[in-house]
There are 2 protein chains.
Amino acid sequence: MHDRQRRLVLLTQYLVSHPGEQAGLADLARRLGVAKSTLSEDLLLVRQVLEEAGQGQVATQLGAQGGVTFRPEPDRERIGRAVAEWITRLNSPDRLTPEGFLYMTDLLFTPRLVDPMGELLAARFQDREVGLVATVETKGIPLALATARALGRPALLLRRDNRLSEGSSLSLNYFSGSSHRIQSMSLARRSPVRGQRVLFVDDFLKAGGTARAAADLLGEFDARVVGVGVLVATPDPARKLIPEYWACLEWREGAEEPPPWVRETPWVRSWLEAGSGTEA
Amino acid sequence: MHDRQRRLVLLTQYLVSHPGEQAGLADLARRLGVAKSTLSEDLLLVRQVLEEAGQGQVATQLGAQGGVTFRPEPDRERIGRAVAEWITRLNSPDRLTPEGFLYMTDLLFTPRLVDPMGELLAARFQDREVGLVATVETKGIPLALATARALGRPALLLRRDNRLSEGSSLSLNYFSGSSHRIQSMSLARRSPVRGQRVLFVDDFLKAGGTARAAADLLGEFDARVVGVGVLVATPDPARKLIPEYWACLEWREGAEEPPPWVRETPWVRSWLEAGSGTEA
């Protein structure tokens with residue numbers, strides 16, 4: 001086998017398995033056992049191939065702190081398969097509990113299904129300079145983590161109760177339309193959130209009370225919610241408590257609805273069909 | 001540029017960005033625009049390079065349902081950097097709350113830090129034929145999801161309360177030594193867990209009451225806990241309520257301890273230094 005072919009395979013493998021991370025050029029050259037000039041030529045080729053094929057951007061940073069970073073394009077095919085599987089699974093009649101809830105906890109905790117939805121939300125909000133992805137416990141956590149991972153940012157957990165284990169915290173009560181009761185939400189004072197631009201992510205949105213309460217609580221920390229993304233939203237009530245949100249799926253709830261009661265939202269359909277996720 | 005170089009880059013990129021997933025040979029050939037015989041030659045080369053470099057296994061499945069699957073080796077270097085960062089961050093005096101807890105929620109919710117620890121636990125338990133990775137809400141969730149992702153399995157959420165939204169469920173009360181109180185744990189009857197081999201994962205283990213309660217609750221569903229993995233354990237009490245567990249880090253708690261009070265456990269040190277994670 002040619003040395004160059006070997007290097008191209010290893011270089012591609014390294015970049016693709018470290019998405020969003022800067023690799024130092026000197027370090028990469030050492031790994032591959034080549035001079036930096038050879039590495040530069042290889043990098044040029046890998047970049048050209050990946051960018052022409054629409055697989056992502058290979059960005060080179062020059063100088064002493066120089067390096068190279070691969071930013072993959074979201075994998076539309078895989079995201080499309082996940083959206084289709086969510087729709088099939090959620091339209092199964094045994095997903096409805098006797099109380100009229102849509103059971104989806106098992107699916108939310110399956111990385112194969114939830115990670116692509118996080119990539120979808122990350123693509124939607126990539127232009128909003130998100131610093132943190134917040135959610136409130138519990139079921140929205142996997143989606144928030146997947147979105148945070150795809151954006152290369154930390155997630156932030158809003159708690160339901162004060163926790164002794166987190167030191168002093170700030171709390172807020174609000175009415176949740178989804179659970180038909182007063183809920184509470186709290187955040188430790190030591191949370192590293194001051195001044196951040198926050199994307200709020202949850203599994204489910206009905207009236208938007210939880211999202212609004214999160215925005216209020218984060219406001220107390222001088223943080224600002226710059227977007228709201230959820231997996232499933234209901235069309236009712238039409239007027240939500242927040243100015244804007246983006247849902248991946250829409251659920252027409254109500255016992256009189258025949259399946260399919262879950263479908264993808266219009267922006268998801270056009271994002272999957274067309275191309276750019278920003279003009280939806 | 002040579003066509004073959006282009007194909008090698010794209011083939012490597014596809015395999016590495018779909019870890020653990022089988023790619024159909026016909027589908028891959030179509031993507032790369034080559035005949036299946038050409039693809040086979042390229043695959044042989046990619047396989048040889050990646051396997052010789054110790055980056056993972058490229059397994060080919062023959063026949064009509066045939067395909068190829070890349071199973072990456074855990075990235076010891078990245079895991080080692082993450083372990084070192086956990087130790088540095090947790091040994092900072094401002095991590096101790098006035099009540100003597102170790103605050104780590106913000107770090108647990110940072111994918112860059114928690115994902116490598118999930119890979120570390122997955123490497124430790126990869127031989128136990130794990131079907132599900134269970135945790136109890138809330139702070140162990142990111143580690144459980146990361147471990148589940150690395151094992152290619154779903155995670156399973158044990159709730160603190162019964163949830164109306166999940167239909168009927170089974171509950172259990174137990175004494176938690178970490179929080180000094182009676183806790184409760186419940187699981188929806190519709191959870192797809194019957195007969196499964198379960199890895200229990202949590203952020204913190206002291207006496208092991210939570211892990212034992214999880215094993216009891218899962219036992220009611222005919223599921224069996226085949227391993228317990230946690231991020232941080234305390235040496236006291238020396239006698240735990242469970243027969244075996246594997247912690248990544250050890251925390252000598254107590255106000256009289258000077259830092260560093262957190263360090264890696266012996267099996268992690270030898271796994272990082274040596275090689276195989278199974279003979280620790």
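Residues numbered from 1 in each chain as written. Chains lettered and ligands numbered in written order. Predicted model: local features only at pLDDT ≥ 70, side-chain atom pairs only at ≥ 80, totals over all residues. Heavy atoms only, no water.

Overview of the packing of helix H4 (residues 76-90) of chain A against helix H9 (residues 266-273) of chain A
Residue and element names in this part refer to chain A.
In step 1: Packing of H4 against H9 brings their axes to within 10 Å, and their N-to-C directions diverge by 140°. Along this stretch, H4 crosses H9, giving a crossing that reads as left-handed. On H9, the residues touching Arg76, Ile79, Gly80 and Val83 of H4 are Val268, Trp271 and Leu272.
In step 2: Tallied by class, residues from the contact of H4 with H9 come to five nonpolar, one polar and one charged. (Axes fitted to C-alpha atoms, helices over the stretch in contact; angles between N-to-C directions. Helix = DSSP H or I, 4+ residues; strand = E, 2+ residues; numbered from the N terminus. Left-handed = near helix turned anticlockwise from the far one by under 90°. Contact = heavy atoms within 4.5 Å. Nonpolar A, V, L, I, M, F, W, Y, C, P; charged D, E, K, R; others polar.)

Let's talk about the pattern of salt bridges
In step 1: Summed over the entire model, instances satisfying the criterion amount to 42 salt bridges over all chains.
In step 2: A salt bridge links B:Arg30 to B:Asp27; its shortest N-O distance comes to 2.4 Å. A residue pair is termed a helical-turn pair when its members lie 3 or 4 positions apart in one helix, as B:Arg30 and B:Asp27 do in helix H2 (residues 25-32) at three residues.
In step 3: Judged by its relative accessible area of 28%, B:Asp27 falls in the partly exposed class.
In step 4: We note a salt bridge from B:Arg31 to B:Asp27, for which the minimum N-O separation is 4.0 Å. Here B:Asp27 and B:Arg31 lie together in helix H2, a separation of four residues that amounts to about one turn.
In step 5: The network of salt bridges with common partners includes A:Asp27, A:Arg30, A:Arg31, B:Glu77 and B:Arg81. (Salt bridge = Lys/Arg side-chain N within 4 Å of Asp/Glu carboxyl O. Buried < 20%, exposed > 50% of the residue type's maximum accessible area, 1.4 Å probe, protein only.)

So, the UniProt feature "domain: Phosphoribosyltransferase" (unreviewed entry) in chain A
In step 1: The positions that UniProt labels "domain: Phosphoribosyltransferase" (unreviewed entry) are, in the present scheme, residues 110-249 of chain A.
In step 2: Regarding residues 110-249 of chain A, the helix share stands at 26% and the strand share at 34%, and the terminal C-alpha atoms are separated by 17 Å. (UniProt positions renumbered as here; feature names shortened; annotations may be inferred.)

Brief notes about the nonpolar core
In step 1: In this structure, A:Trp86, A:Leu231, A:Leu249, B:Trp86, B:Leu231 and B:Leu249 are the most contacted members of the largest nonpolar core, which totals 82 residues.
In step 2: Here B:Leu231 is in contact with B:Trp86, B:Met104, B:Leu108, B:Met117, B:Leu143, B:Asp202, B:Asp203, B:Ala247, B:Cys248 and B:Leu249, once residues within four sequence places are set aside.
In step 3: By size, the runner-up hydrophobic cluster in this structure holds 44 residues, among which are A:Ala29, B:Leu39, B:Val46 and B:Val49. (Core = buried A, V, L, I, M, F, W, Y, C linked by side-chain atoms within 4.5 Å.)

Considering unusual backbone geometry
In step 1: Here the residue pair A:Asp236 and A:Pro237 is connected by a cis peptide bond, since its omega of -5° sits within 30 degrees of zero.
In step 2: Locating A:Pro237 in the fold gives a position in the loop between strand S9 (224-233) and strand S10 (246-251).
In step 3: B:Thr138 follows B:Glu137 through a cis peptide bond whose omega is 15°.
In step 4: Take B:Thr138: it is sitting in the loop between strand S4 (132-136) and helix H7 (141-151).
In step 5: Although it is not a glycine, B:Glu129 sits at a positive phi angle of roughly 50°.
In step 6: Mapped onto the elements of the fold, B:Glu129 is located in the loop between helix H6 (111-125) and S4.
In step 7: Taking relative accessible area as the criterion, B:Glu129 reaches 61% and is therefore assigned exposed.
In step 8: One non-glycine residue with positive phi stands out, namely B:Asp222, at about 60°.

Here we look at the interface of chain B and chain A
In step 1: Each side of the interface is counted separately: chain B has 61 residues, and chain A has 62 residues.
In step 2: Summed over the shared surface of chain B and chain A, the result is six salt bridges.
In step 3: Those elements that provide at least two residues to the side of chain B that touches chain A are helix H1 (3-17), helix H3 (36-52), helix H4 (76-90), helix H5 (105-108), H6, H7 and strand S5 (155-158) of chain B.
In step 4: Grouping the constituent residues of the side of chain B that touches chain A by class yields 25 nonpolar, 14 polar and 22 charged.

So, the relation of the copies chain B and chain A
In step 1: You can overlay chain B on chain A at an RMSD of 0.1 Å; the transform is a turn of 180° with a shift of 0.0 Å along its axis. This pairing of chains is accounted for by a two-fold axis.
In step 2: When the interface residues of chain B are mapped onto chain A, 100% of them again lie at the interface, so the same face is used by both copies. (Least-squares fit on C-alpha atoms with pLDDT ≥ 70 in both.)

What about the UniProt feature "domain: Bacterial purine repressor N-terminal" (unreviewed entry) in chain A?
In step 1: Mapped onto this structure's residue numbering, the UniProt feature "domain: Bacterial purine repressor N-terminal" (unreviewed entry) falls at residues 4-72 of chain A.
In step 2: The span residues 4-72 of chain A is 57% helical and 22% strand by assignment, and the distance between its end C-alpha atoms comes to 23 Å.

Some thoughts on the side chain of A:Thr110
In step 1: Tracing the sequence through the fold places A:Thr110 in the loop between helix H5 (105-108) and helix H6 (111-125).
In step 2: A polar atom in the side chain of A:Thr110 sits 2.9 Å from the backbone oxygen of A:Asp106. (Polar contact = N/O pair within 3.5 Å; in protein donor to acceptor, adjacent residues only side chain to side chain.)

Points about the packing of aromatic side chains
Residues and elements named next belong to chain B.
In step 1: Under the definition given, this model contains four aromatic pairs over all chains.
In step 2: With centroids separated by 5.6 Å and ring planes inclined at 90°, the aromatic side chains of Trp246 and Trp267 adopt a geometry described as edge-to-face. Taken together, the positions of Trp246 in strand S10 (residues 246-251) and Trp267 in helix H9 (residues 266-273) put the pair 21 residues apart, joining distant regions of the chain. We note that Trp246, like Trp267, is buried. (Phe/Tyr/Trp six-rings, centres within 6.5 Å; stacked < 30°, edge-to-face > 60°.)

Quick notes on the pairing of S10(A)
All names here are of chain A.
In step 1: In terms of residue burial, S10 counts as a mostly covered element, since six of its six residues are buried.
In step 2: As paired strands, S9 and S10 are joined by four bridges and run parallel to one another. In the sheet register, Gly229 faces S10, and the bridge partner there is Trp246. (Pairing = 2+ DSSP bridges.)

Digging into the confidence of the model for chain A
In step 1: Scored by pLDDT, chain A comes out at a mean of 92, with 97% of its residues at no less than 70.
In step 2: Here residues 276-280 of chain A scores under 50 on pLDDT; set against residues more than four positions off or in separate chains, the count is eleven contacts. (pLDDT = per-residue confidence, 0-100.)

Digging into the sheet that holds strand S1 (residues 22-24) of chain A
Residue and element names in this part refer to chain A.
In step 1: Within the open sheet, the three strands sit side by side as S1-S3-S2. Their pairing is antiparallel. Each edge of the sheet is formed by a strand with only one pairing partner; in this case those strands are S1 and strand S2 (56-61). Taken over all neighbouring pairs, the strand axes of this sheet differ in orientation by 20° on average, direction set aside.
In step 2: Note that S1 and strand S3 (residues 67-72) share three bridges and pair antiparallel. Among the inter-strand pairings, Ala23 is bridged to a residue of S3, identified as Val68.

With respect to the pairing of S5(B)
Residue and element names in this part refer to chain B.
In step 1: Residues Ala155 and Leu157 of S5 are buried on one face, and the alternating residues Leu156 and Leu158, pointing to the opposite face, are buried as well.
In step 2: Looking at chain direction, S4 and S5 are connected through four bridges and run parallel. Its bridge partner lying in S5, Val136 is registered against Leu158.
In step 3: On the question of chirality, the crossover connecting S4 to the parallel S5 by way of H7 is right-handed. (Right-handed = clockwise from strand over helix to strand, strands pointing away.)

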